[in-house]
Amino acid sequence: MPSPTPAPTCRRCGRCCRLGGPALHAADLPLIHQGRLTPAQLVTLRRGEGVTDNVAGTVGPSPAELVKVRPVAGGRACLLYRDPPACAIHDAGPLECRALFCDDPAALAALYAADRLTRADLIEPGSALAELCAHHEAETDLARLAGLCRLAAAGDQAAREQVAALARFDAAMRELLPARLGLDPDTLPFYLGRPLAEALPALRAAVIPGGLYKRRP
Ligand code: SF4
């Protein structure tokens, strides 16, 4: 009698790690509290930021804020991925990594949207840092900014000036936090999200007269 086909299991090929790091959930809080994951290893994807949803197979503005393990500079792979395939925190991997099996993503899909962490879960409430992050979030709300960018790209000069002022505000906040609070600049993608022009590529087209395709002199 033929032996039953073994259930497929993870081959630890590293493919999923090369496609990006996990979003964090409440179950991952111990990794933060134990210092296994640090703010410099994280990035905040803000509400309204364009994201690729690998489970839903969609690309579009994120309906809510989420915190992820950062990608390597200039790439997509998870910052904690090591080649040959290995994870720097494999023994205590984040929830999504433990649930993900690329041949059968049902387990990941079941928990994917639940109990996601945001900055509010990770920054001391009422602290100067929390207040500055909340101020930055409110001033540079990405949904509102996307609307301003559309107006600016269509030739609305007042909207263009507002977009440019918000881009300057974002840059100033990225200097202020390290200068006033002593923050490591590597933690800014977590505390403030990615720079506005990365979080919202339409911003570049909005503030450069003639749009993205204007030739340099
Ligand atoms: S945390 Fe580890 S297992 Fe998860 S995506 Fe990154 S390298 Fe892969």
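Quick note: structure is the one above.
Below is a summary of the structure that appears in this document. (Residues numbered from 1 in each chain as written. Predicted model: local features only at pLDDT ≥ 70, side-chain atom pairs only at ≥ 80, totals over all residues. Heavy atoms only, no water.)

## Brief notes about the overall build of the protein
Move 1: Looking only at helices and strands, one finds eleven helices and six strands in the protein.
Move 2: Principal axes of the C-alpha set define a box for the protein whose edges measure 75 × 40 × 30 Å.
Move 3: Buried residues in the protein amount to 37% of all 217 residues.
Move 4: Partitioning the contacts of the protein with sequence separation of at least 6, the portion at a separation of at least 24 is 67%.
Move 5: Considering the protein, the positive charge centre built from 25 side chains and the negative charge centre built from 23 side chains are found 7 Å apart. (Helix = DSSP H or I, 4+ residues; strand = E, 2+ residues; numbered from the N terminus. Buried < 20%, exposed > 50% of the residue type's maximum accessible area, 1.4 Å probe, protein only. Contact = heavy atoms within 4.5 Å. Lys, Arg positive; Asp, Glu negative; His and termini not counted. Charge placed at Lys NZ, Arg CZ, Asp CG, Glu CD.)

## Focus on the site of the ligand
Move 1: If you check the shell around the ligand, you find Cys17, Gly20, Pro22, Cys78, Leu80, Tyr81, Cys87, Pro94 and Cys97 and nothing else.
Move 2: Along the lines of polarity and charge, the residues of the shell around the ligand split into eight nonpolar, one polar and no charged. (Near = heavy atom within 4 Å. Nonpolar A, V, L, I, M, F, W, Y, C, P; charged D, E, K, R; others polar.)

## Description of the layout of surface pockets
Gaps left between atoms show up when a probe the size of a water molecule is rolled over them.
Move 1: Taken as a whole, the second largest pocket encloses approximately 170 Å³ of empty space.
Move 2: Every residue along the wall of the second largest pocket is listed here: Glu65, Thr118, Arg119, Ala120, Ile123, Pro125, Ala130, Cys133, Ala134 and Glu137.
Move 3: Sorting the residues of the lining of the second largest pocket by element identifies helix H5 (119-122) and helix H6 (128-139) as the ones contributing at least two each.
Move 4: Residues belonging to the lining of the second largest pocket are distributed by class as follows: six nonpolar, one polar and three charged.
Move 5: Lining the lining of the second largest pocket are residues from two domains, each supplying at least three of them: domain 1 (15-120) and domain 2 (123-207). (1 Å grid on protein atoms, 1.4 Å probe; cavity = no way out; pocket = protein on both sides within 12 Å on 5 of 7 lines; lining within 4 Å. Points joined across faces, edges and corners; volume = space filled by probe spheres on them. Domains from an automatic or database assignment.)

## Remarks on the pattern of salt bridges
Move 1: Under the definition given, this model contains six salt bridges.
Move 2: Across the pair Arg46 and Glu137 runs a salt bridge whose closest N-O atoms are separated by 2.7 Å. With a gap of 91 residues between them, Arg46 in the loop between strand S1 (42-45) and strand S2 (50-53) and Glu137 in helix H6 connect regions that are remote in the sequence.
Move 3: Among the residues examined, Arg46 registers a relative accessible area of 0% and is labelled buried.
Move 4: Given the relative accessible area of 18%, Glu137 is considered buried.
Move 5: A salt bridge links Glu137 to Arg119, with the shortest nitrogen-to-oxygen separation between them at 2.7 Å. One end of the pair, Glu137, is in helix H6; the other, Arg119, is in helix H5, and 18 residues separate them in sequence. The residues Glu137 and Arg119 share a single accessibility class, namely buried.
Move 6: Connected through shared salt-bridge partners, Arg46, Glu65, Arg119 and Glu137 make up one network. (Salt bridge = Lys/Arg side-chain N within 4 Å of Asp/Glu carboxyl O.)

So far we have only geometry, and geometry alone does not tell us how the molecule works.
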